[in-house]
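Listed below are the residues making up each chain.
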Amino acid sequence: MLLRTRHQILSVLESRAYTTGVRQMNDGPGHRIRVHFKRGTVDREFECVVLVRSSLWYEHRLNLYGMGLIEMVVCARHDSCLPIPVWSVEEGKVYNPGETAHPLSALESKTFRGSRSGHALFVAAILTQKQEALTLLEDERHIPRSTRYRLKAKVRAYANLKRGKRLRIE
């Protein structure tokens, strides 16, 4: 299934509400929504942001200004490593904070690291201080110096707000 818009993601989320235990309470301002999550011992409401890919959390710099406002990310595809829970609509699965869809050991493969989702996962794992990613980043056998500098520059860029409009979540 290829979900590309916010409307498609919310439509699938609503249609699977009975089986997943997640239902939308209200559609907030901008990209923010409130969902009620009822599964197992968890029965509460979460303030969420809707993204197509979870790696957009860092591209929109939500790691800087969204941490106090957002409690969960609702996305079509989870391709990152976030400090908050992630609901992947395509998989119908909730990932805990720091949990990834692919194991971090897969980053040792050059072809996986070179893919879009592999690169996003590698940068996110560095941003969340995952030891496997930090060790791999400093390993000169796997990562050339120029690539290491480029990755560190991207991590520094994600630590600062970019110019322009922010993603509206307030």
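Here is what the cut-offs are and how they apply
- Residues numbered from 1 in each chain as written.
- Predicted model: local features only at pLDDT ≥ 70, side-chain atom pairs only at ≥ 80, totals over all residues.
- Heavy atoms only, no water.
- Salt bridge = Lys/Arg side-chain N within 4 Å of Asp/Glu carboxyl O.
- Helix = DSSP H or I, 4+ residues; strand = E, 2+ residues; numbered from the N terminus.
- Buried < 20%, exposed > 50% of the residue type's maximum accessible area, 1.4 Å probe, protein only.
- Contact = heavy atoms within 4.5 Å.
- pLDDT = per-residue confidence, 0-100.
- Arc of directions from axis to C-beta.
- Disulfide = S-S within 2.5 Å.
- Pairing = 2+ DSSP bridges.

**Student:** It is not clear to me how the pattern of salt bridges should be interpreted in this structure. Could you clarify?
**Tutor:** Pairs may arise between side chains of opposite charge once their charged atoms sit close together. Tallied over the full model, the rule gives nine salt bridges. Salt-bridge contacts for Arg53 lead to Asp79; the nearest nitrogen and oxygen are separated by 3.6 Å. On the criterion of sequence distance, the pair formed by Arg53 in strand 3 (residues 42-53) and Asp79 in the loop between strand 4 (72-77) and strand 5 (86-88) is long-range, its members being 26 residues apart. Here the two residues Arg53 and Asp79 agree in accessibility, since each one is buried. Taken together, the salt bridges that share partners define one network made up of Arg32, Arg34, Glu45 and Glu47.

**Student:** I tried to follow the environment of Arg61 on my own but got confused; where do I start?
**Tutor:** Mapped onto the elements, Arg61 comes out in the loop between helix 3 (56-59) and helix 4 (62-65). Taking the C-alpha atoms as reference points, Arg61 and Pro85, 24 residues apart in sequence, are found 17 Å from one another. Residues contacting Arg61, with those up to four places away along its chain left out, are Ala157, Tyr158, Asn160, Leu161 and Lys162.

**Student:** Even after reading the chapter, I still don't get the confidence of the model for the protein chain, so can you show me in this structure?
**Tutor:** Interpretation of this model should avoid reading the predicted coordinates in detail wherever pLDDT is low. In the predicted model, the protein chain carries a mean pLDDT of 90, and 98% of its residues have values of at least 70. The least confident element of the protein chain is helix 2 (residues 17-20), whose mean pLDDT is 81; the most confident is helix 7 (residues 131-138), at 95.

**Student:** What exactly am I supposed to notice about helix 1 (residues 6-15) here?
**Tutor:** Given 3.6 residues per turn, any residue in an α-helix points the same way as the ones three and four places further on. When helix 1 is considered as a whole, its buried residues turn out to be Ile9, Leu10, Val12 and Leu13. Within helix 1, the buried residues cover an arc of 160 degrees as seen down the axis, which keeps them to one side. Opposite the buried face of helix 1, at more than 90 degrees from it, the exposed residues are His7 and Ser15. Buried-residue contacts for helix 1 involve helix 2, strand 1 (22-27), strand 2 (32-39), strand 3, strand 4 and strand 5.

**Student:** Explain the state of the cysteines here, please?
**Tutor:** What makes a disulfide is a covalent bond joining the sulfur atoms belonging to two cysteines. The full count for this structure, using the stated rule, is zero disulfides. Between Cys48, a free cysteine, and Cys75, which holds the nearest cysteine sulfur, the sulfur-to-sulfur gap is 11 Å. Residue Cys48 is classed as buried on the basis of its relative accessible area of 0%.

**Student:** How should I be thinking about the pairing of strand 3 in this particular structure?
**Tutor:** Each regular strand displays side chains that alternate between the two surfaces of the sheet. Where strand 2 lies against strand 3, eight bridges are found, and the strand directions are antiparallel. Of the residues in strand 3, the one forming a bridge with Ile33 is Cys48. In sequence, strand 2 turns back onto strand 3 through a hairpin of two residues, with Gly40 there showing a positive phi of about 65 degrees. The sheet contact formed by strand 3 and strand 4 spans five bridges and is parallel. When the bridges of strand 4 are listed, Cys48 appears paired with Met72.

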